[in-house]
Amino acid sequence: MPASGSSQPIQCFQAELVDTAFSPHRHSVYTLALTRRGIQAFDYRGATRHARPGDAVILHPDEIHDGRPVDETGFGYAAITLAPEHVSDMRPGPLPHIAGGVSHDPRLIAAIGACLQAGEAGDGDPAGWSHRLTELVLAMDAISDSAAIRPAPDRSAVECARRFILNRADRAPDMAELEMVSGIDRWRLSRDFRQLLGTSPYRYWQMGRLDRARALVENGHALADTAYACGFADQAHFTRQFRQAYGLSPRRWQTLLASPRRPCTIVQ
């Protein structure tokens, strides 16, 4: 299924195979998949590979491969496809190449998972997809055997982007806007931002917005008013984002803060 319409560079789909096998074929795009059930065997670059639940499968453009279950229970996976030109537009140097076809790298698995989750939820936010694409390519580059040259991070550019993000409470900053205010391309900005601040520009904006919302919740503001004031689509969207960040719903968070504190006795 498309991640958010055919205009998006990332497309999502899922499949279950029990008594079916893929014959040898190749694609013009990157295919990155997460195995969700069973074990998949596939021949790729001269060897038989196996992908188990939680593993990432990375198939490069124009590389011949097949795919088959190892037993009668079959296997299931969810995958994204990514056109190589979108990677080249963002990343200097050669396309990232990840040897072996299977990866256990947590950052890559998380980046693929974030794309799949957004695609399955029907998320159509262009800014969100732009940042997910950047995070995915950064994760690919980090484990690539053809890594791009990495200069020292540009602290001034990152600080310009950070200040711009802090002043943008109404909506997520677009990567084109961040390029303009920072003076460097989105590839380097995203890499440098994570290196210096430990997260992506989009995640930095998300957490800033949630911090503002949490402060309103803690001061007793109505959840619907808080969601509106902080730019969430609706209260349900606000609740989902809040729970993902803090582990509790905003209503539960508010209830706990309002509860009388019980004295704690330390027994030595």
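To be clear, the structure that these remarks concern was listed above.
The shown structure was predicted, so the numbers you read here are calculated from the model rather than taken from an experiment.

*Asks:* Could you give an account of the overall build of the protein chain, naming the residues involved and the relevant values?
*Replies:* Looking only at helices and strands, the protein chain features 10 helices and nine strands. In the protein chain, which comprises 268 residues, the share counted as buried stands at 44%. Long-range contacts, defined as pairs at least 24 residues apart, comprise 69% of the intrachain contacts of the protein chain with a sequence gap of at least 6. On the protein chain, roughly 13,700 Å² of surface is accessible, and the fraction owed to carbon and sulfur atoms is 53%.

*Asks:* Describe in detail the side chain of Ser103, supporting the description with residues and values.
*Replies:* Secondary-structure assignment places Ser103 in strand β9 (residues 102–103). You can call Ser103 buried: its relative accessible area is 7%. Side-chain polar atoms of Ser103 contact the backbone nitrogen of Asp105, separated by 3.0 Å. With near-sequence residues (within four places) excluded, Ser103 lies in contact with Asp55, Ala56, Ile58, Leu108, Ile109 and Ile143.

*Asks:* Account for the sheet that holds β9, with residues named and values stated.
*Replies:* What the five strands build is an open sheet, ordered β1-β8-β3-β6-β9; its pairing is antiparallel. The open sheet terminates on both sides in strands that have one partner only, identified here as β1 (10–17) and β9. Pairing analysis gives two bridges linking strand β6 (residues 56–59) to β9, with the strands arranged antiparallel. Pairing of Val57 across the sheet is with Val102, part of β9. Helix α2 (residues 106–120) rests against β1, β3 (30–38), β6, β8 (75–82) and β9 of the sheet, and its axis sits at about 85 degrees to β3. Here helix α3 (residues 126–142) sits on the sheet in contact with β1, β3 and β8, set at roughly 105 degrees to β8.

*Asks:* Describe helix α6 (residues 186–197), with residues and values.
*Replies:* With 12 residues, α6 extends 15 Å between its outermost C-alpha atoms, agreeing within 8% with the 16 Å of an ideal straight helix rising 1.5 Å per residue. Along α6, the positions that sit buried rather than exposed are Trp187, Leu189, Ser190, Arg191, Asp192 and Phe193. Residues of α6 that are buried in the fold lie against α1 (84–90), α3, α4 (155–166), α5 (175–182) and α7 (201–218). The N-terminus of α6 is capped by Asp185, whose side-chain oxygen sits 3.0 Å from the backbone nitrogen of Trp187.

*Asks:* For unusual backbone geometry, give the residues involved together with the corresponding values.
*Replies:* With phi around 55 degrees, Arg45 is a residue other than glycine that occupies positive phi space. Looking at where Arg45 falls in the secondary structure, it is placed in the loop between β4 (40–44) and β5 (47–51). A positive phi angle is found at Asp62, which is not glycine, with a value near 65 degrees. Mapped onto the secondary structure, Asp62 falls in the loop between β6 and β7 (65–69).

*Asks:* Now, about the packing of α4 against α6: what can you tell me, with residues and values included?
*Replies:* Two elements in contact, α4 and α6, have axes whose closest approach is 9 Å; the angle formed by their N-to-C orientations is 85 degrees. Classified by the interaxial angle, the pair formed by α4 and α6 is roughly perpendicular. Mapping the contact onto sequence places Arg155, Ala157, Val158, Ala161, Arg162 and Ile165 in α4 and Leu189, Asp192, Phe193, Leu196 and Leu197 in α6. Its residues placed into classes, the contact of α4 with α6 shows eight nonpolar, no polar and three charged.

*Asks:* Can you explain the pattern of salt bridges? Please cite residues and give values.
*Replies:* Evaluation of the coordinates by the stated rule reveals 16 salt bridges. Of the charged contacts in the structure, one is a salt bridge between Arg26 and Asp62, with a shortest N-O distance of 3.4 Å. Within this pair, whereas Arg26 is found in the loop between β2 (22–25) and β3, its partner Asp62 is found in the loop between β6 and β7, the two being separated by 36 residues in sequence. Given a relative accessible area of 45%, Arg26 falls into the partly exposed group. We note a salt bridge from Asp66 to Arg68, for which the minimum N-O separation is 3.3 Å. Accessibility expressed as a relative area gives 12% for Asp66, which makes it buried.

*Asks:* Go over the sheet that holds β2, please, and point to the residues and values.
*Replies:* Sheet strands line up and pair through hydrogen bonds in the backbone, either parallel or antiparallel. Spatial strand order, β2-β7-β4-β5: four strands in an open sheet with antiparallel pairing. Whereas interior strands pair on both sides, the edge strands pair on one side only; in this sheet they are β2 and β5. Going from strand to strand, the sheet's axes swing by 20 degrees on average, the running direction of each strand aside. Of the strand pairs in this sheet, β2 and β7 are connected by two bridges, and their pairing is antiparallel. Looking at the pairing, Phe22 lines up with Gly67 of β7.

*Asks:* Lay out the packing of α2 against α3 in plain terms, naming residues and giving numbers.
*Replies:* For any two helices packed against each other, one specifies the inter-axial angle together with the distance between the axes. One can describe the packing of α2 onto α3 by two numbers: an axis separation of 8 Å at closest approach and a directional angle of 155 degrees. With respect to each other, α2 and α3 are oriented roughly antiparallel. The handedness of the crossing between α2 and α3 is left-handed. From α2, Arg107, Leu108, Ala111, Ile112, Ala114, Cys115, Ala118 and Gly119 reach across to α3, where they touch Trp129, Arg132, Glu135, Leu136, Leu138, Ala139, Met140 and Ala142. Of the residues belonging to the contact of α2 with α3, the class tally is 12 nonpolar, one polar and three charged.

The rules behind each value
- Residues numbered from 1 in each chain as written.
- Predicted model: local features only at pLDDT ≥ 70, side-chain atom pairs only at ≥ 80, totals over all residues.
- Heavy atoms only, no water.
- Helix = DSSP H or I, 4+ residues; strand = E, 2+ residues; numbered from the N terminus.
- Buried < 20%, exposed > 50% of the residue type's maximum accessible area, 1.4 Å probe, protein only.
- Contact = heavy atoms within 4.5 Å.
- Areas by Shrake-Rupley, 256 points an atom, 1.4 Å probe, with all protein chains shown as cover.
- Polar contact = N/O pair within 3.5 Å; in protein donor to acceptor, adjacent residues only side chain to side chain.
- Pairing = 2+ DSSP bridges.
- Axes fitted to C-alpha atoms, helices over the stretch in contact; angles between N-to-C directions.
- Expected span 1.5 Å × (residues − 1).
- Parallel < 35°, antiparallel > 145°, perpendicular 65-115°, else oblique.
- Nonpolar A, V, L, I, M, F, W, Y, C, P; charged D, E, K, R; others polar.
- Salt bridge = Lys/Arg side-chain N within 4 Å of Asp/Glu carboxyl O.
- Left-handed = near helix turned anticlockwise from the far one by under 90°.

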